[in-house]
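Close look at the chain arrangement
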Amino acid sequence: MEGSWRSRSSSSSTTGVLVLLLLMVVMQRGEGQLAEDFYSKTCPNLESIVKQVVSTKVSQTFTTIPATLRLFFHDCFVEGCDGSVLITSPNGDAEKDSEDNLSLAGDGFDTVFKAKQAVEASCPATVSCADILALAARDVVVLAGGPSFNVELGRLDGLISKASRVHGNLPEPTFNLDQLNSNFGKNGLSQIDMIALSGAHTLGFSHCNRFANRIYSFSSSSPVDPSLDLEYAKQLMEACPRNVDPRIAIDMDPVTPRAFDNVYYQNLVAGKGLFTSDEVLFSDPASQPTVNDFARNAGDFNGAFATAMRKLGRVGVKTGKEGEIRIDCTAFNS
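Each value, and the rule that gives it
- Residues numbered from 1 in each chain as written.
- Predicted model: local features only at pLDDT ≥ 70, side-chain atom pairs only at ≥ 80, totals over all residues.
- Heavy atoms only, no water.
- UniProt positions renumbered as here; feature names shortened; annotations may be inferred.
- Helix = DSSP H or I, 4+ residues; strand = E, 2+ residues; numbered from the N terminus.
- Axes fitted to C-alpha atoms, helices over the stretch in contact; angles between N-to-C directions.
- Parallel < 35°, antiparallel > 145°, perpendicular 65-115°, else oblique.
- Contact = heavy atoms within 4.5 Å.
- Nonpolar A, V, L, I, M, F, W, Y, C, P; charged D, E, K, R; others polar.
- pLDDT = per-residue confidence, 0-100.
- 1 Å grid on protein atoms, 1.4 Å probe; cavity = no way out; pocket = protein on both sides within 12 Å on 5 of 7 lines; lining within 4 Å.
- Points joined across faces, edges and corners; volume = space filled by probe spheres on them.
- Buried < 20%, exposed > 50% of the residue type's maximum accessible area, 1.4 Å probe, protein only.
- Arc of directions from axis to C-beta.
- Disulfide = S-S within 2.5 Å.

The name recorded for the chain in an unreviewed UniProt entry is Peroxidase, from Acer negundo. Checking UniProt for the chain, the heading Function (unreviewed entry) contains the comment "Removal of H(2)O(2), oxidation of toxic reductants, biosynthesis and degradation of lignin, suberization, auxin catabolism, response to environmental stresses such as wounding, pathogen attack and oxidative stress. These functions might be dependent on each isozyme/isoform in each plant tissue." Per UniProt, the comment on the chain under Subcellular location (unreviewed entry) is "Secreted".

1. Observations regarding the UniProt feature "domain: Plant heme peroxidase family profile" (unreviewed entry) in the chain
UniProt's entry tags residues 33-333 with the feature "domain: Plant heme peroxidase family profile" (unreviewed entry), counted in the numbering of this structure. Split by type, residues 33-333 is 44% helix and 3% strand. Its first and last C-alpha atoms lie 22 Å apart.

2. Digging into the packing of helix α13 (residues 288-296) against helix α14 (residues 298-312)
Closest axis-to-axis distance for the α13/α14 pair is 5 Å, and the angle between their directions is 115°. Regarding the angle of α13 to α14, the classification is roughly perpendicular. Residues Asp-293, Phe-294 and Arg-296 of α13 lie in contact with α14, whose contacting residues are Ala-298, Asp-300, Phe-301 and Ala-304. Taken together, the residues of the contact of α13 with α14 sort by class into four nonpolar, no polar and three charged.

3. With respect to the confidence of the model for the chain
The pLDDT averaged across the chain works out to 91; a share of 90% of its residues lies at or above 70. Scored below 50 in pLDDT, residues 1-32 shows four contacts in the model against residues more than four places distant or in partner chains.

4. Things to note about the UniProt feature "binding site: heme b" (unreviewed entry) in the chain
Sequence positions flagged by UniProt for "binding site: heme b" (unreviewed entry) are, in local numbering, His-201. With residues up to four places along the chain from it excluded, the contact list for His-201 reads Met-252, Asp-253, Tyr-264, Phe-275 and Asp-278.

5. So, the layout of surface pockets
Taken as a whole, the largest pocket encloses approximately 990 Å³ of empty space. Taken together, 37 residues line the largest pocket, and the ones lying closest to its centre are Arg-70, His-74, His-201, Arg-210 and Phe-275. For the lining of the largest pocket, the elements supplying multiple residues, two or more each, are α4 (64-76), α7 (177-185), α8 (191-198), β2 (205-207) and α12 (276-283). The element contributing the most residues to the lining of the largest pocket is α4, with six residues. Class assignment for the residues of the lining of the largest pocket results in 21 nonpolar, ten polar and six charged.

6. Describing α13
Those residues of α13 that sit buried are Thr-290, Val-291, Phe-294 and Ala-295. One side of α13 holds all its buried residues, which, seen down the axis, span an arc of 135°. For α13, exposure combined with an orientation more than 90 degrees from the buried face picks out Pro-289 and Arg-296.

7. Observations regarding the state of the cysteines
What the rule picks out here adds up to four disulfides. Here Cys-76 connects covalently by a disulfide to Cys-81, the sulfurs 2.0 Å from one another. Because the torsion about its S-S bond is 120°, the bridge between Cys-76 and Cys-81 counts as right-handed. With respect to burial, Cys-76 and Cys-81 carry one shared label: buried. At a sulfur-sulfur separation of 2.1 Å, the disulfide partner of Cys-129 is Cys-329. Residues Cys-129 and Cys-329 share a disulfide whose torsion about the S-S bond is about -100°; that sign makes it left-handed. A residue pair is termed long-range when its members are at least 10 positions apart, and Cys-129 in helix α6 (residues 129-143) and Cys-329 in the segment after β4 (323-324) qualify at 200 residues. Within the chain, bonded cysteines paired by disulfides and numbered along the sequence follow the pattern 1-4, 2-3, 5-8, 6-7.

Take a look at the structure:
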């Protein structure tokens, strides 16, 4: 075998080297294609343009903050961070049309669309909708008092957006710890990442039907989930009586609903986690130490959240023929 390898021509050897180099380039263009300075030459004012639009939108309505952050999560967990959740289908069968995404607030979409228009005016056909969403998600966190972090850029917009591919990819409010770890793990996120990203529930709201089982039909022996603080359970019942208007929603953080802080974890310790998937982070011994740490130390939470957001932003990045730079975030270029 050694002799036959040595007898190959120099041209074959050169071809082999070139193929190897090409493979290395291709392999590196997944997460590796992302860079904080990706648009430094092609759209140097990108971040300031997006930040200005986001700031204006937030000044008009606070809902912009949780809506944009949630939109980023829902985008990345289905097909990867590729802007596919932004697509509008004339047949009503795009990602945004799935049952799991019907509750996504319009202010999140509007924020991205307005930012894209502003970016197009300065840098036409240059920046993907996926990158604009990633920047906007960071900006709303900062505007709510959360940590700032550098966003890696260079994503392409995906070419697939189907409602049928959403179910089973997003975490459910009834998940236990194993289910949460499995759901986040398939996206390359650790348990600590998952607990940190769950801290986004310090902002935003939920419709009553998403947690009604915890206060009215938890089990045959206990209609109310025993892990819920009794006073909090009463507050939930008052806000969400039986047969309540399905449009009614309540704050996920009953203490500081408009601030990005670590009070979410303090709420879990106090039995005031809104979803089963929230409270289980404290009730399960495997995750409780992390919750206690985040509840006591805002710095630990902020650092873990920033790290997890950067990791989340690398999920399913599209390259080459897998994606495009959409001119209109709601429609494929073709």
